[in-house]
Amino acid sequence: GAVVSQHPSWVICKSGTSVKIECRSLDFQATTMFWYRQFPKQSLMLMATSNEGSKATYEQGVEKDKFLINHASLTLSTLTVTSAHPEDSSFYICSARALQGHEQYFGPGTRLTVT
Amino acid sequence: AQTVTQSQPEMSVQEAETVTLSCTYDTSESDYYLFWYKQPPSRQMILVIRQEAYKQQNATENRFSVNFQKAAKSFSLKISDSQLGDAAMYFCAYGVAGNMLTFGGGTRLMVKP
């Protein structure tokens, strides 16, 4: 149990375009989902916290107009990188917390390359 | 703000031997959770072990155990009988009641055959 999927696993897009990444909890309902960013050989940095039915809370320094997060249901959150630039290239990881419990379950990540 | 520090960027261990990864954290909270995650080359984050701060007993999961020193704010991971499959990045993480996790910088563990 407690499986989180991400789609796509790998995406290449051209500079200036937008790309959407989906995060789904497959066998549980998630009131809260978290989006992290990981640069090569670095740790995970929290970008935003997403609660179902409400606006996401962004960490300091993360542009909310650039990284649009939607958490429309208890099993799906999306991250849209708008007007992507090469510096947005990174590994994006989502995690989900179940309705009851403190543990976060991580998705397999999405590698974004902006050319 | 909470911070998590892993002072060992890289560690190496001989197969079948024991290795300890260090982690310290800073918090003003009294009730929190600590985790060790493993990130293999696939980059999937895998939970290795968790510890509730209110529990005095150190958590163990098969070959993995922790040494939790609350007063010292220290949370080290011991891997016994190391296996080649244990080679990965290991991240220590801190969290409060289902909120966001704060990760340490990571330790790359190499296992020598």
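Look above for the structure.
Residues numbered from 1 in each chain as written. Chains lettered and ligands numbered in written order. Predicted model: local features only at pLDDT ≥ 70, side-chain atom pairs only at ≥ 80, totals over all residues. Heavy atoms only, no water.

A. Up close: unusual backbone geometry. The amide bond that connects H7 of chain A to the next residue, P8 of chain A, takes the cis arrangement and shows omega of 0°. Relative to the elements of secondary structure, P8 of chain A occurs in the loop between β1 (4-7) and β2 (10-13). The backbone phi angle of N62 of chain B is positive, close to 55°, even though this residue is not glycine. Inspection of the secondary structure puts N62 of chain B in the loop between β7 (60-61) and β8 (64-69). (Helix = DSSP H or I, 4+ residues; strand = E, 2+ residues; numbered from the N terminus.)

B. Layout of the packing of aromatic side chains. Scanning the entire structure with this criterion turns up 14 aromatic pairs over all chains. Here F67 of chain A and Y92 of chain A contribute two aromatic rings whose centre-to-centre distance is 6.3 Å and whose plane-to-plane angle is 45°, an arrangement assigned as tilted. One end of the pair, F67 of chain A, is in strand β7 (residues 67-73); the other, Y92 of chain A, is in strand β9 (residues 90-98), and 25 residues separate them in sequence. We classify F67 of chain A as buried; its relative accessible area is 5%. Residue class for Y92 of chain A comes out buried when judged on its relative accessible area of 0%. Here the aromatic rings of F91 of chain B and F103 of chain B are separated by 6.3 Å at their centres, their planes lie at 90°, and the arrangement is edge-to-face. With F91 of chain B in strand β10 (residues 88-95) and F103 of chain B in strand β11 (residues 101-103), the pair connects residues that are twelve residues apart, well separated along the chain. What links up through ring pairs into an aromatic cluster is the set Y36 and F106 of chain A together with F35, Y37, F91 and F103 of chain B. (Phe/Tyr/Trp six-rings, centres within 6.5 Å; stacked < 30°, edge-to-face > 60°. Buried < 20%, exposed > 50% of the residue type's maximum accessible area, 1.4 Å probe, protein only.)

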